[in-house]
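Chain residues, written in single-letter form:
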Amino acid sequence: MNRSDEIGTLAASVNEMAQKLRSDYQQLQALNEKQRQFFADITHEVRNPLHTIMGSLEMLELPGLDEEKRRKYVRNLRSQAERIGRLFKDLMTLQRFDSDEKFVIPGHADLADIVQDVVDWYQYSARSKGISLEYDTHSCMVYADPGKIEQVLENLISNAIKFTNEGTISVTYSRNNGLVEVSVSDTGIGIPEAHWGRLFDRFYRTDKARSRDKGGTGLGLSVVKGILKAHDSDIQLESEVGKGSRFFFVLKSSESVQMKNRETPQDT
Ligand code: ADP
């Protein structure tokens, strides 16, 4: 290789390295921007309820406050404190997706028990909005982490209640080919298709003011997606504006996992 060829090869590899560096730098910048946005969102989400808490505390300190107003401000304090609590619970869950291999500990569990527990919790708030909360009760064994699937259903059912004014919410499940499809449907406001792609992003809402007003954190669906991903599953959506939404996902049935284990015995 003569000298000018050598210089040519060297120049090509320097150019290649420069391109790689540029693309790494751009990726890093995009990551930084994502992180910056994430922290800005968290700050915003915490600042809002804190303002309400400070305001309510100031009102409670006023002399001669009547009993009705006192109760109203205490109610405000409680609901805003609960909102901050929910925000941190969701954030902790999101943080664990990335860092904890044992985030999901699957076992054999009956969906009937999981659904019953969650429905019991939400029956009161559904009824007080004039919503009928219907659900399946037949036994159906799945291979999943029961606590995490409870969290998925909690988020889906609480959303369904938030975005439905009167009507019906149904929680159903059925077995099909070794899989169990679980579905939460409502007759609420529905979701325009333009939002479907970003709905599961952290802090994404179709209507920020409305969601905050209803005590939402904007993290519920990203938590749902992360939990299902850890179960090798995903969340699906069908929705029609003004008619309602259906969120659904599949889990492995207990039987299919037991059968697979029999076919491929583990090394001891
Ligand atoms: P939020 O705390 O705001 O409910 P989520 O991540 O759980 O956050 O949901 C994101 C957004 O998706 C909500 O703000 C709302 O705009 C929309 N959404 C979720 N579930 C429903 C539903 N069942 N009906 C209508 N809109 C919904």
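Scroll up for the structure.
From a predicted model like this one, the values you see are computed outputs, not experimental measurements.

K.L.:
Sorry, what's going on with the overall build of the protein chain here?
P.N.:
Within the protein chain, the secondary structure is distributed over seven helices and seven strands. Reading the protein chain from its N end, one meets helices and strands in the order α-α-β-α-β-β-α-β-β-α-α-β-β-α. Its C-alpha atoms give the protein chain a radius of gyration of 25 Å, clearly above 18 Å, the size a compact globule of 268 residues would have. When the backbone C-alpha atoms are referred to their principal axes, the protein chain occupies close to 95 × 60 × 40 Å. A burial count over the protein chain gives 37% of its 268 residues as buried. For the protein chain, the share of sequence-separated contacts (at least 6 apart) that also reach a separation of at least 24 residues comes to 71%. Accessible surface for the protein chain amounts to roughly 16,800 Å². Of this, 52% is attributable to carbon and sulfur atoms. Side-chain charges of the protein chain comprise 36 positive and 40 negative groups, with the mean position of each set lying 5 Å from the other.

K.L.:
Help me out: how do you make sense of the packing of aromatic side chains in this one?
P.N.:
Two descriptors summarise a pair of aromatic rings, namely the distance from one centre to the other and the angle between the planes of the rings. As enumerated under the stated definition, the model contains three aromatic pairs in all. For the pair Phe 200 and Phe 247, a centre-to-centre distance of 6.5 Å together with 80° between the ring planes defines the contact as edge-to-face. Highlighted residues: Phe 200 in the loop between β5 (179–186) and α5 (208–213) and Phe 247 in strand β7 (residues 244–253), separated in sequence by 47 residues. For the pair Phe 200 and Phe 247, a shared accessibility class is recorded, and that class is buried. Taken together, the aromatic side chains of Phe 38, Phe 39 and Phe 203 make up a single cluster linked through ring pairs. Residue placement shows Arg 202 over the ring face of Phe 38; its charged tip is 5.6 Å from the ring centre.

K.L.:
Looking at this structure, how should I read the pattern of salt bridges?
P.N.:
Close approach of charged atoms allows side chains of opposite charge to pair. As enumerated under the stated definition, the model contains 14 salt bridges in all. The salt bridge partner of Arg 36 is Glu 33, with a shortest N-O separation of 3.1 Å. Within this pair, Arg 36 and its partner Glu 33 are both found in helix α1 (residues 3–60), separated by three residues, close to a single helical turn. Take Glu 33: its relative accessible area is 40%, and that puts it in the partly exposed class. Across the pair Glu 255 and Arg 175 runs a salt bridge whose closest N-O atoms are separated by 3.6 Å. You can see Glu 255 sitting in helix α7 (residues 254–263) and its partner Arg 175 sitting in strand β4 (residues 167–176), a full 80 residues away along the chain.

K.L.:
I tried to follow the environment of Glu 181 on my own but got confused; where do I start?
P.N.:
By the secondary structure assignment, Glu 181 is in strand β5. Given a relative accessible area of 30%, Glu 181 falls into the partly exposed group. For the pair Glu 181 and Gly 107, spaced 74 residues apart in the sequence, the C-alpha separation amounts to 17 Å. With near-sequence residues (within four places) excluded, Glu 181 lies in contact with Thr 172, Tyr 173, Ser 174, Arg 246, Phe 248, Phe 249 and Val 250. Polar side-chain contacts of Glu 181 include one of 3.3 Å to the side chain of Arg 246.

K.L.:
Whenever I open this one, the nonpolar core confuses me. Can you help?
P.N.:
One recurring pattern in soluble globular proteins: nonpolar side chains tend to sit buried together. In terms of nonpolar packing, the biggest core is built from 51 residues, with Leu 153, Leu 156, Ile 157, Phe 247 and Phe 249 touching the most fellow members. Ranked by residues supplied to this core, first place goes to helix α3 (residues 111–128) with eight residues. The residues touching Leu 156, leaving out its near neighbours within four places in the chain, are Val 184, Leu 221, Val 224, Ile 235, Phe 247 and Phe 249.

K.L.:
What is the right way to read unusual backbone geometry from this model?
P.N.:
Located in the positive-phi region is Glu 166, a residue other than glycine, with phi close to 60°. Locating Glu 166 in the fold gives a position in the loop between α4 (146–162) and β4. Given a relative accessible area of 54%, Glu 166 falls into the exposed group. Even without being a glycine, Phe 203 presents a positive backbone phi close to 70°. Turning to its location among the elements, Phe 203 is positioned in the loop between β5 and α5.

K.L.:
When you look at the pairing of strand β6 (residues 236–240) in this model, what are you seeing that I'm missing?
P.N.:
Looking along a regular strand, one sees side chains alternate from face to face of the sheet. A one-sided burial pattern is seen for β6, the buried positions being Leu 237 and Ser 239 and the unburied ones Gln 236, Glu 238 and Glu 240. In this sheet, β7 lies alongside β6 in antiparallel orientation, the contact comprising five bridges. Looking at β7, one finds that Gln 236 is bridged to Phe 248. Hairpin connection between β6 and β7: a loop of three residues separates the two successive antiparallel strands, and Gly 242 in this loop has a positive phi of roughly 85°.

Calculation rules
- Residues numbered from 1 in each chain as written.
- Predicted model: local features only at pLDDT ≥ 70, side-chain atom pairs only at ≥ 80, totals over all residues.
- Heavy atoms only, no water.
- Helix = DSSP H or I, 4+ residues; strand = E, 2+ residues; numbered from the N terminus.
- Rg over C-alpha atoms; globule rule 2.2 N^0.38 Å.
- Buried < 20%, exposed > 50% of the residue type's maximum accessible area, 1.4 Å probe, protein only.
- Contact = heavy atoms within 4.5 Å.
- Areas by Shrake-Rupley, 256 points an atom, 1.4 Å probe, with all protein chains shown as cover.
- Lys, Arg positive; Asp, Glu negative; His and termini not counted.
- Charge placed at Lys NZ, Arg CZ, Asp CG, Glu CD.
- Phe/Tyr/Trp six-rings, centres within 6.5 Å; stacked < 30°, edge-to-face > 60°.
- Lys NZ or Arg CZ within 6 Å of the ring centre and 35° of its normal.
- Salt bridge = Lys/Arg side-chain N within 4 Å of Asp/Glu carboxyl O.
- Polar contact = N/O pair within 3.5 Å; in protein donor to acceptor, adjacent residues only side chain to side chain.
- Core = buried A, V, L, I, M, F, W, Y, C linked by side-chain atoms within 4.5 Å.
- Pairing = 2+ DSSP bridges.

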